[in-house]
Amino acid sequence: MSARPEPSLSAPTAPVSRLGLYDTWWTVAAAALGVCLGLTACAWISLHLHVDDTLHTAALFVHLASLVLGFGAVLSADYHALLWLTGRCTLTDAMAGTSRLHVPIWAGLAGLVASGALLQPDLGSALTRTKLALVLALTLNGLQAGLLTRRMRARRDGTVPPRLLLWGAGTALVSQVCWWGAVVIGFRNSQG
């Protein structure tokens, strides 16, 4: 039998520093490129996939459930921001409440995109193309919001400079316009 050398317990290993999604604008830009490719792939799939009535019905259910999940979480996150802005909670409390909503927001958005590809959207329609542009803008807005969240969390004293307040207000406005615009267009498309 050969003896394996024992690992040295005295020499600490240096922690490996990993680059996270929201560490730099470069990482967010790389994610944005991935999102653009993913949405393009979903549009291509929607053109080339034949969906029967059963799968269409299931996709519609997933689409609506994803809307409730994602948009509901967005509205809840915006409510936390309003509580902070009106002095009804601290910035730390608002950030804690909002941070719990990232997973349902992204899961809802991913479910909307995936199920939307199975709903055979009419990509020749100007309304549908507008909806797709809103979904892209919404997703890119969500990615840059991660950087905003990171900078807001760094404000340990609870004060937020006007620049970050404007950035947050712009992010919330874009989010609301994109979500509501996509919902209205989806409703209009379902009527025709």
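Fair warning: this is a prediction, and the values are worked out from it, not measured in the lab.

**Section: the overall build of the protein**
For the protein, the count of helices and strands is six helices and zero strands. Reading the secondary structure of the protein in the N-to-C direction produces α-α-α-α-α-α. Each of the three principal axes of the protein carries a C-alpha extent, and together these read 70 × 65 × 25 Å. Contacts in the protein between residues far apart in sequence, at least 24 positions, make up 78% of those at least 6 positions apart. Averaging the coordinates of the 13 positive side-chain charges in the protein and doing the same for the 8 negative ones gives two points 9 Å apart.

**Re the pattern of salt bridges**
Tallying each qualifying case throughout the model produces one salt bridge. The shortest N-O distance in the salt bridge between Arg 150 and Asp 23 comes to 2.1 Å. Linking Arg 150 in helix α5 (residues 126–153) with Asp 23 in the segment before α1 (25–48), this pair joins segments that are 127 residues apart in sequence. Look at Arg 150 and you get partly exposed, because its relative accessible area is 46%.

**Digging into the packing of aromatic side chains**
Working definition: an aromatic ring pair is given by the centre-to-centre distance plus the angle between the planes. On inspection of all chains with the given rule, the structure shows three aromatic pairs. Considering the side-chain rings of Trp 25 and Trp 167, the 6.1 Å spacing of their centres and the 20° angle between planes classify their relative orientation as stacked. Of this pair, Trp 25 sits in helix α1 while Trp 167 sits in helix α6 (residues 162–191), and the two are 142 residues apart along the sequence. On the basis of relative accessibility, which here comes to 16%, the residue Trp 167 falls in the buried class. Pairing Phe 71 with Trp 179 gives two aromatic rings, centres 5.2 Å apart and planes at 10°, and the pair type is stacked.

**Brief notes about the UniProt feature "transmembrane region" (unreviewed entry) in the protein**
Sites flagged by UniProt as "transmembrane region" (unreviewed entry) map to residues 25–47, 59–81, 101–120, 132–152 and 164–187. In residues 101–120, helix accounts for 80% and strand for 0%; the two terminal C-alpha atoms are 30 Å from one another. Within residues 164–187, the helical portion is 100% and the strand portion 0%, while the C-alpha atoms at the span's ends are 34 Å from each other.

What counts, and where the lines are drawn
- Residues numbered from 1 in each chain as written.
- Predicted model: local features only at pLDDT ≥ 70, side-chain atom pairs only at ≥ 80, totals over all residues.
- Heavy atoms only, no water.
- Helix = DSSP H or I, 4+ residues; strand = E, 2+ residues; numbered from the N terminus.
- Contact = heavy atoms within 4.5 Å.
- Lys, Arg positive; Asp, Glu negative; His and termini not counted.
- Charge placed at Lys NZ, Arg CZ, Asp CG, Glu CD.
- Salt bridge = Lys/Arg side-chain N within 4 Å of Asp/Glu carboxyl O.
- Buried < 20%, exposed > 50% of the residue type's maximum accessible area, 1.4 Å probe, protein only.
- Phe/Tyr/Trp six-rings, centres within 6.5 Å; stacked < 30°, edge-to-face > 60°.
- UniProt positions renumbered as here; feature names shortened; annotations may be inferred.

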